[in-house]
Amino acid sequence: MTTGVAGSFPAGLGSNPGHPVPLGFVFRSRAKDEKAPADKAAVTDSKQTRDPQAPKGRPTPKRNEAQSQRRSVANTSTSRKDAAKRQREDRRAALERQRQALAGGDERYLPARDKGPVRKFVRDWIDSRFNVAEFFLPMAVVILVLSVVRVASLQNIALLLWLVVIVLIVLDAFVSGFRLRKALGERFPDHNRKGAVAYGLMRSLQMRRLRLPKPQVKRGERP
């Protein structure tokens, strides 16, 4: 022990001037000692596994919802070939329904140009009467045969028949259009009748057995 004015000090601290004790060792901050255990504890806690019962930050889906999602993912094919195949099948089914509707008159699957009460009335109105234009094809065949025969009188008759047929078709179309327009105005005053008369005249040009949708009324029967 060394005795001095300031008091006594241990031998290892004051008696050896060649090896002074650093001040940091004597006056070391307690903050570092307190922080070290906390850091170690944080590292230790981060390595622990999450409790299965702890919340996941999102709601757990119900069992039936999860099953339906898995089933939809499993059943849905992302292949372009499968998608094209499904489109062809859907288009084929739609065409088949439309063909049956044209044959039976089912309004649900008819094309857009044939749907509606106005178009149905026009079809029934045209189908219930005789139209000169529907006989144009058989008359044209007869006239063509007469014009091929190398007889002057028959060729003149064929030419005259052409003129008669054309005039009759024009007159019949004019009268039919006028009467059909009047009937539509009386039956459907508040409906859109745009293009209905032209629709009826185009139908009158076709032979009855070749018309689509198929006629639903007999000749002479009022629609």
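Analysis parameters
- Residues numbered from 1 in each chain as written.
- Predicted model: local features only at pLDDT ≥ 70, side-chain atom pairs only at ≥ 80, totals over all residues.
- Heavy atoms only, no water.
- Patch = residues over 30% accessible without salt bridge, like charges linked within 9 Å, V, L, I, M, F, W, Y side chains within 5 Å.
- Areas by Shrake-Rupley, 256 points an atom, 1.4 Å probe, with all protein chains shown as cover.
- Salt bridge = Lys/Arg side-chain N within 4 Å of Asp/Glu carboxyl O.
- Helix = DSSP H or I, 4+ residues; strand = E, 2+ residues; numbered from the N terminus.
- Polar contact = N/O pair within 3.5 Å; in protein donor to acceptor, adjacent residues only side chain to side chain.
- Contact = heavy atoms within 4.5 Å.
- Axes fitted to C-alpha atoms, helices over the stretch in contact; angles between N-to-C directions.
- Parallel < 35°, antiparallel > 145°, perpendicular 65-115°, else oblique.
- Left-handed = near helix turned anticlockwise from the far one by under 90°.
- Phe/Tyr/Trp six-rings, centres within 6.5 Å; stacked < 30°, edge-to-face > 60°.
- Buried < 20%, exposed > 50% of the residue type's maximum accessible area, 1.4 Å probe, protein only.
- Lys NZ or Arg CZ within 6 Å of the ring centre and 35° of its normal.
- Arc of directions from axis to C-beta.
- Lys, Arg positive; Asp, Glu negative; His and termini not counted.
- Charge placed at Lys NZ, Arg CZ, Asp CG, Glu CD.

Engineer: Would you mind going over a nonpolar patch on the surface with me for this structure?
Structural biologist: Nonpolar side chains collect at one region of the surface, where Leu 137, Val 141, Val 145, Val 149 and Val 151 lie side by side and expose about 380 Å² of accessible area between them. Following the sequence through the fold, Leu 137 ends up in helix H7 (residues 136–148).

Engineer: Explanation requested: the side chain of Arg 123 in the structure shown.
Structural biologist: Locating Arg 123 in the fold gives a position in helix H6 (residues 117–127). A distance of 2.8 Å separates a polar atom in the side chain of Arg 123 from the backbone oxygen of Asp 114. Setting aside residues no more than four positions away along its own chain, Arg 123 makes contact with Glu 107, Leu 110, Asp 114, Tyr 199, Arg 203 and Pro 213.

Engineer: Got a minute to help me understand the environment of Arg 222 in this structure?
Structural biologist: Locating Arg 222 in the fold gives a position in the segment after helix H9 (196–204). Between the C-alpha atoms of Arg 222 and Ser 128, which are 94 residues apart in sequence, the distance is 6.6 Å.

Engineer: Please clarify how the packing of H7 against helix H8 (residues 152–187) should be interpreted in this entry.
Structural biologist: Relative orientation and spacing of two packed helices are given, respectively, by the angle between their axes and the distance between those axes. Orientation of H7 relative to H8, taken along the N-to-C sense of each, is 160°, at an axis distance of 8 Å. Accordingly, the angle class assigned to the pair H7 and H8 is roughly antiparallel. Taken as a pair, H7 and H8 cross one another with a handedness that is left-handed. Along the contact surface, H7 presents Phe 136, Met 139, Ala 140, Ile 143, Leu 146 and Ser 147, while H8 presents Leu 154, Gln 155, Ile 157, Ala 158, Leu 161, Trp 162, Val 165 and Ile 169.

Engineer: Please clarify how the pattern of salt bridges should be interpreted in this entry.
Structural biologist: Think of it this way: side chains of opposite charge can pair up when their charged atoms draw near. Taken as a whole and assessed by the stated rule, the structure comprises eight salt bridges. Where Glu 96 meets Arg 99, a salt bridge forms, and the shortest distance between an N and an O atom there is 2.7 Å. Of this pair, Glu 96 and Arg 99 both sit in helix H5 (residues 80–104), three residues apart, which is roughly one turn of the helix.

Engineer: Would you mind showing me how to read the environment of Gly 195 here?
Structural biologist: Tracing the backbone through its elements, the reader meets Gly 195 in the loop between H8 and H9. In this structure, the C-alpha to C-alpha distance between Gly 195 and Arg 113, residues 82 residues apart in sequence, is 9.7 Å.

Engineer: I would appreciate a short explanation of the packing of aromatic side chains in the present structure.
Structural biologist: Given two aromatic rings, their pairing is described by the distance between the two centres and the angle made by the two planes. For the structure shown, the criterion picks out two aromatic pairs. Measuring from ring centre to ring centre gives 5.7 Å for Phe 121 and Phe 188, while their planes differ by 70°; the resulting arrangement is edge-to-face. Taken together, the positions of Phe 121 in helix H6 and Phe 188 in the loop between H8 and H9 put the pair 67 residues apart, joining distant regions of the chain. Taking relative accessible area as the criterion, Phe 188 reaches 9% and is therefore assigned buried. Plain terms: the ring middles of Phe 136 and Trp 162 are 6.2 Å apart, the flat faces sit at 55° to each other, and that makes the pair tilted. Placement of the pair is Phe 136 in helix H7 and Trp 162 in helix H8, with a sequence separation of 26 residues. Above the ring of Phe 130, the side-chain terminus of Arg 219 is found at 4.2 Å from the ring centroid.

Engineer: I keep staring at H9 and nothing clicks. Help me out?
Structural biologist: Every buried residue of H9 is accounted for by Ala 196, Val 197, Tyr 199, Gly 200, Arg 203 and Ser 204. Buried residues of H9, viewed axially, fall in a sector of 160°; they line one side. Where H9 is buried, its residues meet H6 and H8.

Engineer: Explain a positive patch on the surface to me, please; I cannot follow it from the model alone.
Structural biologist: Among the surface-exposed residues, Lys 81, Lys 85, Arg 88, Arg 91 and Arg 92 lie close enough to one another that they form a single positively charged patch. With respect to the element layout, Lys 85 can be found in helix H5.

Engineer: Would you mind showing me how to read H6 here?
Structural biologist: Think of an α-helix as 3.6 residues a turn; residues three or four steps apart then line up on the same face. Counting buried residues along H6, nine of its 11 residues qualify, which places the element largely inside the surrounding structure. Among all positions in H6, only Val 118, Arg 119, Phe 121, Val 122, Arg 123, Asp 124, Trp 125, Ile 126 and Asp 127 are buried. Buried-residue contacts for H6 involve H8 and H9.

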